[in-house]
Amino acid sequence: MIKLGVNIDHVATLRQARMGTAPDVIAAAKICEIAGAHQITVHLRQDRRHIQDRDVELLREVLLIRLNLEMGATDEIIGIAHRIKPDVVCLVPENRQEVTTEGGLDVASQQTRLCEVVAGFNADGIEVSMFIDPEARQIDASAATGAKYVELHTGCYANAKGAAVDEELERLFDAAAHAQGAGLTVNAGHGLTVRNLAPVAEIPGLHEVNIGHDIMARALFIGLEDAVVEILDVLEMYSI
Ligand code: PXP
């Protein structure tokens with residue numbers, strides 16, 4: 001079955017709205033774990049707008065499932081990742097003004113530097129994923145860095161309307177096959193919901209999806225545990 005990483009950044013967004021302690025990010029992570037999620041994903045942004053360094057430290061201590069640290073490849077955050085040692089880091093582009101991660105990482109234009117970053121993480125026992133648009137050029141560049149995974153950006157698929165939905169889906173299927181041919185393990189994420197997930201889950205050999213906003217939005221109405229379970233049910237039904 002395809003694995004589920006739950007991105008809990010938005011729990012921290014709500015907490016930071018009052019700069020207090022509620023809602024408890026660690027409790028949210030443990031509820032996801034108990035509900036059957038395979039991984040907790042957090043994005044430690046340079047501006048610390050939601051997840052804080054202490055959250056990542058505490059998650060590292062208490063989680064029984066995998067911890068995936070999304071991060072921009074800056075020297076500061078790379079240093080923190082080496083200190084805290086998540087199971088996997090997912091390298092993403094980061095613009096201070098953006099509401100959420102916008103495009104995929106341009107691995108091709110910074111391949112030499114990213115080779116060094118990946119080698120450093122691999123030497124430290126930390127796996128690396130590249131969050132990229134579903135394009136052959138970025139997939140080939142990602143494979144050349146020595147990263148184990150690519151996470152295909154599903155935002156264009158999620159935003160597509162009408163005939164464009166199938167076109168975007170085809171891009172994802174083609175990209176996944178290309179990445180697997182290049183020896184990469186393929187994940188997917190961004191904009192996935194309980195309603196649009198099924199066709200993505202049918203991508204052959206897809207390893208994992210990372211979902212945040214929709215799970216947290218559904219959690220407001222049906223509770224966090226059930227919001228995780230309904231995504232797991234879709235994955236169980238449609239995984240090939
Ligand atoms: N994967 C990556 C690399 C992301 O940056 C994000 C957003 O933080 C997600 C998955 C989750 O996206 P969403 O919140 O739209 O489910």
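This text goes with the structure placed above it.
Source: prediction; values computed, not measured.

Overview of the pairing of strand S4 (residues 88-91)
Residues in a regular strand project their side chains so that they alternate between the two faces of the sheet. Across the two faces of S4 the burial is the same, with Val 88 and Cys 90 and Val 89 and Leu 91 all buried. The pairing of strand S3 (residues 66-71) with S4 spans 4 bridges and is classified as parallel. Residue pairing across strands places Glu 70 opposite Cys 90, the latter belonging to S4.

Things to note about the side chain of Asp 9
Tracing the sequence through the fold places Asp 9 in helix H1 (residues 9-18). Although Asp 9 is buried, it makes no salt bridge; Arg 45 carries the closest opposite charge, 6.5 Å away. What Asp 9 contacts, discounting residues up to four positions off in sequence, is Thr 41, Val 42, His 43, His 50 and Ile 51.

Focus: empty space enclosed by the protein
Counted according to the given criterion, the structure contains 2 cavities of 30 Å³ or more. In this structure, the largest cavity occupies an estimated 50 Å³ of space. Considering the residues around the largest cavity, the lining is formed by Asp 133, Pro 134, His 153, Cys 156, Tyr 157, Glu 168, Arg 171 and Leu 172. Those elements that place two or more of their residues in the lining of the largest cavity are helix H7 (155-159) and helix H8 (163-181). For the lining of the largest cavity, the element with the highest residue contribution is H8, accounting for 3 residues.

Thoughts on the site of the ligand
Close contacts around the ligand come from 13 residues, with Glu 70, Glu 151, Gly 191, Gly 212 and His 213 the closest. Glu 70 has a polar side-chain atom sitting 2.9 Å from an oxygen atom of the ligand. One of the side-chain N or O atoms of Glu 151 is found 2.5 Å from a nitrogen atom in the ligand. For the ligand, the accessible surface in isolation is 390 Å², of which the surrounding protein chains cover 94%. Counted by class, the shell around the ligand contains 3 nonpolar, 8 polar and 2 charged residues.

Here's the deal with a negative patch on the surface
On the surface, Asp 166, Glu 167, Glu 170 and Asp 174 cluster together into a patch of negative charge. Looking at the element boundaries, Glu 167 is found in helix H8. For Glu 167, a relative accessible area of 51% translates into the label exposed.

Quick word on the layout of surface pockets
Approximately 270 Å³ is the volume found for the second largest pocket. Lining the second largest pocket are 13 residues, with His 10, Val 11, Leu 14, Met 216 and Leu 220 positioned closest to its centre. Listing elements by their share of the lining of the second largest pocket, those giving two or more residues are H1 and helix H10 (213-222).

The rules behind each value
- Residues numbered from 1 in each chain as written.
- Predicted model: local features only at pLDDT ≥ 70, side-chain atom pairs only at ≥ 80, totals over all residues.
- Heavy atoms only, no water.
- Buried < 20%, exposed > 50% of the residue type's maximum accessible area, 1.4 Å probe, protein only.
- Helix = DSSP H or I, 4+ residues; strand = E, 2+ residues; numbered from the N terminus.
- Pairing = 2+ DSSP bridges.
- Lys, Arg positive; Asp, Glu negative; His and termini not counted.
- Salt bridge = Lys/Arg side-chain N within 4 Å of Asp/Glu carboxyl O.
- Contact = heavy atoms within 4.5 Å.
- 1 Å grid on protein atoms, 1.4 Å probe; cavity = no way out; pocket = protein on both sides within 12 Å on 5 of 7 lines; lining within 4 Å.
- Points joined across faces, edges and corners; volume = space filled by probe spheres on them.
- Near = heavy atom within 4 Å.
- Polar contact = N/O pair within 3.5 Å; in protein donor to acceptor, adjacent residues only side chain to side chain.
- Areas by Shrake-Rupley, 256 points an atom, 1.4 Å probe, with all protein chains shown as cover.
- Nonpolar A, V, L, I, M, F, W, Y, C, P; charged D, E, K, R; others polar.
- Patch = residues over 30% accessible without salt bridge, like charges linked within 9 Å, V, L, I, M, F, W, Y side chains within 5 Å.
- Charge placed at Lys NZ, Arg CZ, Asp CG, Glu CD.

These results come straight from atomic positions and should not be treated as a statement about function.
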